[in-house]
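Structural overview for review
Listed below, chain by chain, are the residues.
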Amino acid sequence: MKVLLVSNNVFLKGNGVCTAVQSLKSRLSGSGVDVRILSCENPDRNGPQPDYPLKHFVFPFFEPLIRSNGFMFSRIDPEVIRKGVGWADVIHLMEGFPLEAAVVKIADEYGKPCVGTYHTFTENITANLGIGYDTFINHLINRWWSSAVYNHCVCVQCPTQTVKEHLQENGYTSPLYVISNGIEHSGSKPSPETYGSPYRILCTGRLSNEKSQQTLIVAMRYSRHAKEIELHFAGNGPKAGQIRKAAHELVEDGVLRYEPVFGFYTSDELKSLAASSYLYIHCAIVEVEGLSCMEALQQGAVPVIAKSKLSSTSQFALDERSLFTVLDSKELAEKIDWWIEHQDERIRMGDEYRESIKGYDAAISTAKIIRMYEEAMAHTVS
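The structure contained in this document is the topic of the report that follows. (Residues numbered from 1 in each chain as written. Predicted model: local features only at pLDDT ≥ 70, side-chain atom pairs only at ≥ 80, totals over all residues. Heavy atoms only, no water.)

1. Observations concerning the packing of helix H3 (residues 78-87) against helix H4 (residues 98-110)
- H4 packs onto H3 with a crossing angle of 55° between their chain directions and a minimal axis gap of 10 Å. Taken together, the axis directions place H3 and H4 in an arrangement best described as oblique. Classified by chirality, the crossing of H4 by H3 is right-handed. For the pair H3 and H4, contact is made by Pro78, Ile81, Arg82, Val85 and Gly86 and by Leu99, Ala102, Val103, Ile106, Ala107, Glu109 and Tyr110, respectively.
- Of the residues that constitute the contact of H3 with H4, the class distribution is nine nonpolar, one polar and two charged. (Axes fitted to C-alpha atoms, helices over the stretch in contact; angles between N-to-C directions. Helix = DSSP H or I, 4+ residues; strand = E, 2+ residues; numbered from the N terminus. Parallel < 35°, antiparallel > 145°, perpendicular 65-115°, else oblique. Left-handed = near helix turned anticlockwise from the far one by under 90°. Contact = heavy atoms within 4.5 Å. Nonpolar A, V, L, I, M, F, W, Y, C, P; charged D, E, K, R; others polar.)

2. Looking at the packing of aromatic side chains
- Applying the stated criterion across every chain, the model contains 16 aromatic pairs.
- With a centroid separation of 5.6 Å and 45° between ring planes, the pair formed by phenylalanine 59 and phenylalanine 73 is classed as tilted. Of this pair, phenylalanine 59 sits in the loop between strand E4 (56-57) and helix H2 (63-68) while phenylalanine 73 is found in strand E5 (residues 73-74), placing the two residues 14 residues apart along the sequence.
- Residue classification places phenylalanine 59 among the partly exposed residues on the basis of a relative accessible area of 32%.
- Measuring from ring centre to ring centre gives 5.6 Å for tyrosine 118 and tyrosine 150, while their planes differ by 50°; the resulting arrangement is tilted. With tyrosine 118 in the loop between strand E7 (114-117) and helix H5 (122-128) and tyrosine 150 in the loop between helix H6 (136-148) and strand E8 (155-158), this residue pair connects regions lying 32 residues apart in the sequence.
- Taking relative accessible area as the criterion, tyrosine 118 reaches 0% and is therefore assigned buried.
- For tyrosine 150, a relative accessible area of 2% gives the class buried.
- Three or more aromatic residues link up through ring pairs in this structure, and these residues are Phe57, Phe59, Phe71, Phe73, Phe97, Tyr118, Phe121, Trp145, Tyr150 and Tyr172. (Phe/Tyr/Trp six-rings, centres within 6.5 Å; stacked < 30°, edge-to-face > 60°. Buried < 20%, exposed > 50% of the residue type's maximum accessible area, 1.4 Å probe, protein only.)

3. Some points on the sheet that holds strand E11 (residues 229-234)
- Taken in spatial order, the six strands make up an open sheet running E12-E11-E10-E13-E15-E17, and their pairing is parallel. The open sheet has two free edges, formed respectively by strand E12 (261-263) and strand E17 (323-325), since each of these has just one partner strand. Across the sheet, the mean angle separating the axes of adjacent strands is 25° when strand polarity is ignored.
- Examined bridge by bridge, strand E10 (residues 199-204) and strand E13 (residues 279-282) share two bridges and lie parallel to one another. The residue of E13 that forms the bridge with isoleucine 201 is leucine 279. (Pairing = 2+ DSSP bridges.)

Put into structure tokens, the structure is as follows:
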């Protein structure tokens, strides 16, 4: 089986789609699938390059914002696309942008089946543009994504049930399969028998509007245990300067004793950081799945996750003690304080969360995706 993975870019750091595509390629190759990539050239000339490289499309005016979010658009080159499509048995589209729309048309000419994965809510885009959520622009983008790309796919992978329901509500008509992107099996450290001050609290993700790290920062002003907490933010993004400033002000104002830590970490470093964290906080307003949350739980971190209509990550919470109303900093502070005051229960639940995430093993997801490819090829033949 020959599979062509199509994404605007695959090699930038700090982009969840890039991470998912690289992981999928590795897992498919390990399962005996012949995999190639059609995407923009890697800006790092010494790094790996796509099998079918496209030039970078510099988006007028918005390019700095796009790059700060770890993204690049590709130029559409029909000749390169035809080479990739002509080689493949099945084409896997990772986004709904103009590149994928061009690939769909050429795949149709060749009689090649396309499948898709819905990796990004339209609200991820509009939030970063400062437009907001649930606007007519979101509906227009969804209509274009569905009509130009996803409704031409034999089937579409939805990483969560929340995504499936969202697509059904927004006019996506292709068969929708709920298949988690999954995480690699990883040995995790046992929870410590005791914790002490400072209590490390980890928050991962792109520093941007829709990830709402500001909710955690404000929560510290309500927490009874703020002076015992050390905040760690893992990620980068367009709001990095603003979030760093607000976090530092907590120390200046005497709210925090320990200076918040900001960093961009490798996968192994992030696992180690999660294993040593008392709590994992996920404040996102918009989140398709939340792989970083899954990885933190795999290491035994106990989460407190925002409940949001546009975020699927709350599915990982085992009970209400690990949930708070999105954007409600006061409720978040109450949940953080409760976990700090109930250390024995925190240690017990660390083991529960580690166990709960085993069903999201990447090997299970890979097998389901391969079956999806086989069905797509059989559908085209019939």
